[in-house]
Amino acid sequence: MIRANEDYGKLPGSYLFSTIAKKVAAFSEANPDKKIIRLGIGDVTQPLCPAVIEALHKAVDEMGKAETFRGYAPDLGYAFLRETIAEKVFRPLGTDIAADEIFVSDGAKSDSANIQEIFAGKTKIAVCDPVYPVYVDSNVMAGRTGTYDAATGLWSDVIYMPCTADNGFSPELPKEVPDLIYLCFPNNPTGAMITKPQLQEWVDYANRNKAVIIYDAAYEAYIHEEGLPHSIYECEGARTCAIELRSFSKNAGFTGTRLGYTVIPKDLKDADGVSLHSLWARRHGTKFNGAPYIVQRAGEAVYSEEGQKQTKEQIEYYMRNARTIYEGLAGAGFTVSGGVNAPYIWMKTPDGMSSWDFFDYLLEKANVVGTPGSGFGPSGEGYFRLTAFGTYENSVEAMERIRKM
Ligand SMILES: *Cc1c(COP(=O)(O)O)cnc(C)c1O
């Protein structure tokens, strides 16, 4: 008799963004004349840049000719892209990541969800709180998280590392030692960044305890301040303890085009000396059939001189929105953080309002949609996330409305 995977059945409630969508749809139906400004979901709005479009067209034409047609892509990625990434991303940072340590995929969401498969069933995970929901949910699906407490929103077998105003939204080294540590900087949802000495502490901690760090660097391109780490491999010893996730989604607007990659150094072994690089290669070979040729050519074009210039302009556009939102909120008397090295602004709700109460209040009074901090974890309660991915005009207008609230 067939039975569904009972671990999937443990996932609590409905997905955060579908709850938001329902609330917004209901408000919009009741108030058809009101113009809603959406600063909620973390999706880009600028079109793909000309260098990427040109590369896409060229690759499409190649696919239509017998001489240049391509079938299955190599499942770890085309050499032209892996070599470009090694040379244009990792070498300038002074790191020695080689092309064959880069695994091309269709994005960082699936990699961040799938990477847990190469670790033992009893692996103890640690996550920041608040956190990008995929890390925990994928471990719930793998039956690794124990029982859920609906009152606290916590899983019994997960180590939570609160990121609050008290620690500058940067997690402290946990007392109970985890096996697998998820870190994301620049951070979604808080917009916080980590310094290189702080990240070095994590690398030393992981090496000392034979733990592995999954470092999600999806927002690396938004780092604006000097001296901050763009890759965990800038830290000494990271090759023996860290996996890095990267994505073209936020760097180059590929959310709908789909491209990302995961770095696993050959020096990364488990406690018995098993190569995690080999396991991930094996996993890719069995469960993934390669990102599309056309899209990999588009990804290569991001690193051309034109591509770099054009994608930087897009990021500058979003970061101008981030400044507008940050200054608008601060000027209106709110307590704000993030928004300097990340496209996310993290604000404290006023007067001790709950995250969801403030969501309703903002929708009602200013017709602006954001994301309740509690949707990212219990330590997000009392906070609210706004994104810089809208248009400049809408970012300005949203701040005018909020000021008048
Ligand atoms: C958007 C995002 C990603 C990237 O996801 P893709 O699947 O590459 O689009 C990864 N991690 C975090 C934290 C994100 O917010």
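It should be noted that the structure appears before, not after, this text.
Per-chain numbering applies: the sequence of each chain, read as written, is numbered from 1 onward. Since the coordinates come from a predicted model, pLDDT governs what is reported: local features require at least 70, and pairs of side-chain atoms require 80 or more to be given and counted, while whole-chain, interface and lining totals use all residues. Side-chain metrics in this entry use all non-hydrogen atoms of the structure; hydrogen atoms and water are not considered.

(A) A look at the pattern of salt bridges. Take a side-chain nitrogen of Lys or Arg and a carboxyl oxygen of Asp or Glu: if they are within 4 Å of each other, that pair is a salt bridge. For the structure shown, the criterion picks out 15 salt bridges. We note a salt bridge from Arg239 to Glu101, for which the minimum N-O separation is 2.6 Å. Separated by 138 residues along the polypeptide, Arg239 in the loop between β8 (212-216) and β9 (242-247) and Glu101 in the loop between α3 (79-90) and β2 (102-105) bring together distant segments of the chain. Both residues of the pair, Arg239 and Glu101, belong to the buried class. By sharing partners, the salt bridges in this structure join Asp96, Glu101, Arg239 and Asp267 into a single network. The numbering of helices and of strands both runs from the N terminus, where a helix is a DSSP run of H or I of at least 4 residues and a strand a run of E of at least 2. To sort residues, take the accessible area from a 1.4 Å probe on protein chains only and compare it with the maximum for the residue type: under 20% means buried, over 50% means exposed, and anything in between is partly exposed.

(B) How the structure looks around the side chain of Arg246. Along the chain, the position of Arg246 falls in strand β9. The buried category is assigned to Arg246, whose relative accessible area is 2%. Of the polar contacts made by the side chain of Arg246, one reaches the side chain of Glu244; its length is 2.8 Å. Side-chain atoms alone can form a polar contact between residues adjacent in sequence; in general such a contact is a pair of N or O atoms within 3.5 Å, and within protein one must be able to donate a hydrogen while the other accepts it.

(C) How the structure looks around the site of the ligand. Whether a residue is near a molecule or strand depends on its heavy atoms: if one lies within 4 Å, it is near. In the region of the ligand, 14 residues are neighbours, and Tyr219, Ser247, Ser249, Lys250 and Arg258 sit closest. Contact distances for the ligand include 2.7 Å between a nitrogen atom and a side-chain N or O atom of Asp216. At a separation of 2.6 Å, an oxygen atom of the ligand approaches a polar side-chain atom of Ser249. Contact with the protein chains covers 93% of the free accessible surface of the ligand, which is 390 Å². Broken down by secondary-structure element, the contributors of at least two residues to the shell around the ligand are α4 (108-114) and α7 (249-252). Only the protein chains shown count as cover for residues, and all accessible areas are computed by the Shrake-Rupley method using a 1.4 Å probe.

(D) Highlighting the state of the cysteines. The rule for a disulfide is simple: a pair of cysteine sulfur atoms within 2.5 Å. Under the definition given, this model contains zero disulfides. Between Cys128, a free cysteine, and Cys163, which holds the nearest cysteine sulfur, the sulfur-to-sulfur gap is 3.8 Å.

(E) Up close: the packing of α3 against helix α9 (residues 293-302). Helix axes use the C-alpha atoms of the stretch in contact, all axes being lines fitted to C-alpha atoms, and the angles between their N-to-C directions lie in the range 0 to 180 degrees. Interhelical geometry of α3 versus α9 gives an angle of 25° and a closest axis separation of 9 Å. Classed by the angle they form, the pair α3 and α9 counts as roughly parallel. For the element pair α3 and α9, the recorded crossing hand is left-handed. Between α3 and α9, the residues in contact are Phe80, Leu81 and Thr84 and Tyr293, Gln296, Arg297, Gly299 and Glu300, respectively. Any angle that falls under 35 degrees is termed roughly parallel, while one over 145 is termed roughly antiparallel, one within 65 to 115 roughly perpendicular, and all others oblique. For a crossing to be left-handed, the near helix must be turned anticlockwise from the far one by less than a right angle; the clockwise case is right-handed. Here a residue-residue contact requires only that any non-hydrogen atoms of the pair lie within 4.5 Å.

(F) Spotlight on the layout of surface pockets. By volume, the largest pocket is sized at about 730 Å³. Lining the largest pocket are 28 residues, and of these Pro12, Tyr148, Ser374, Gly375 and Gly377 lie nearest its centre. Counting only elements with at least two residues in the lining of the largest pocket, the list comes to α1 (16-30), β3 (125-129) and α5 (134-141). Per-class residue counts for the lining of the largest pocket are 17 nonpolar, eight polar and three charged. Grid spacing is 1 Å over the protein atoms alone, the probe is 1.4 Å, and a cavity is where that probe fits but cannot get out, while a pocket is an open set with protein on both sides within 12 Å along at least five of seven lines and lining residues have an atom within 4 Å of a point. Grid points are joined across faces, edges and corners, and a volume is the space filled by probe spheres set on the points. For this scheme, ten residues count as nonpolar: Ala, Val, Leu, Ile, Met, Phe, Trp, Tyr, Cys and Pro. Four count as charged, namely Asp, Glu, Lys and Arg, and the remainder, Gly too, count as polar.

(G) Structural context of the pairing of β9. A large share of β9 lies buried, amounting to six of its six residues. Burial along β9 is two-sided: Ala242, Glu244 and Arg246 and Ile243, Leu245 and Ser247, pointing in opposite directions, are all buried. Here, any two strands with at least 2 DSSP bridges between them count as paired. Bridge count for β8 against β9 is four bridges, and the pairing is parallel. Residue pairing across strands places Ile213 opposite Ala242, the latter belonging to β9.

(H) Region of the structure containing the nonpolar core. The term nonpolar core refers to a set of buried residues drawn from Ala, Val, Leu, Ile, Met, Phe, Trp, Tyr and Cys, joined through side-chain atoms within 4.5 Å. Counting residues in each nonpolar core, the largest one holds 100 residues, and the members touching the most others are Leu183, Tyr215 and Leu329. With seven residues, the single largest contributor to this core is helix α10 (residues 305-331). Those residues in contact with Leu329 that lie beyond four places of it in its chain are Phe334, Val336, Ile345, Met347, Leu386, Met399 and Ile402. Ranked by size, the runner-up nonpolar core spans 25 residues in total, among them Phe119, Val140, Val158 and Tyr160.

(I) Spotlight on the pairing of strand β10 (residues 260-263). In β10, alternate side chains face the same way, and those of Gly260 and Thr262 on one face and Tyr261 and Val263 on the other are all buried. Direction of pairing for β2 relative to β10: antiparallel, over a ladder of four bridges. Across the sheet, Val104 pairs through a bridge with Tyr261, a residue of β10. Pairing between β9 and β10: four bridges, direction antiparallel.

(J) Seen up close, the packing of helix α2 (residues 50-63) against α9. Taken N-terminus to C-terminus, the directions of α2 and α9 make an angle of 150°; their axes are 8 Å apart at the nearest point. Note that α2 runs across α9; the crossing there is right-handed. In this structure, α2 contributes Ala51, Val52, Ala55, Leu56, Ala59, Val60, Glu62 and Met63 to the contact, and α9 contributes Tyr293, Ile294, Arg297, Ala298, Ala301 and Val302. Looking at side-chain class alone, the contact of α2 with α9 contains 12 nonpolar, no polar and two charged residues.

(K) Focus on the sheet that holds strand β14 (residues 371-372). Within the open sheet, the four strands sit side by side as β11-β12-β15-β14. Their pairing is antiparallel. Looking along the sheet, the strands with just one partner apiece sit at the ends: β11 (336-338) and β14. Pairing analysis gives three bridges linking β11 to strand β12 (residues 344-348), with the strands arranged antiparallel. Looking at the pairing, Val336 lines up with Met347 of β12.

(L) Empty space enclosed by the protein, seen in detail. Counted according to the given criterion, the structure contains one cavity of 30 Å³ or more. The volume enclosed by the largest cavity comes to roughly 40 Å³. Around the largest cavity sit Val44, Gln46, Tyr222, Lys250, Asn251, Ala252, Gly253, Gln314, Ile315 and Tyr318, which together line it. Mapped by element, the contributors of at least two residues to the lining of the largest cavity are α7 and α10.

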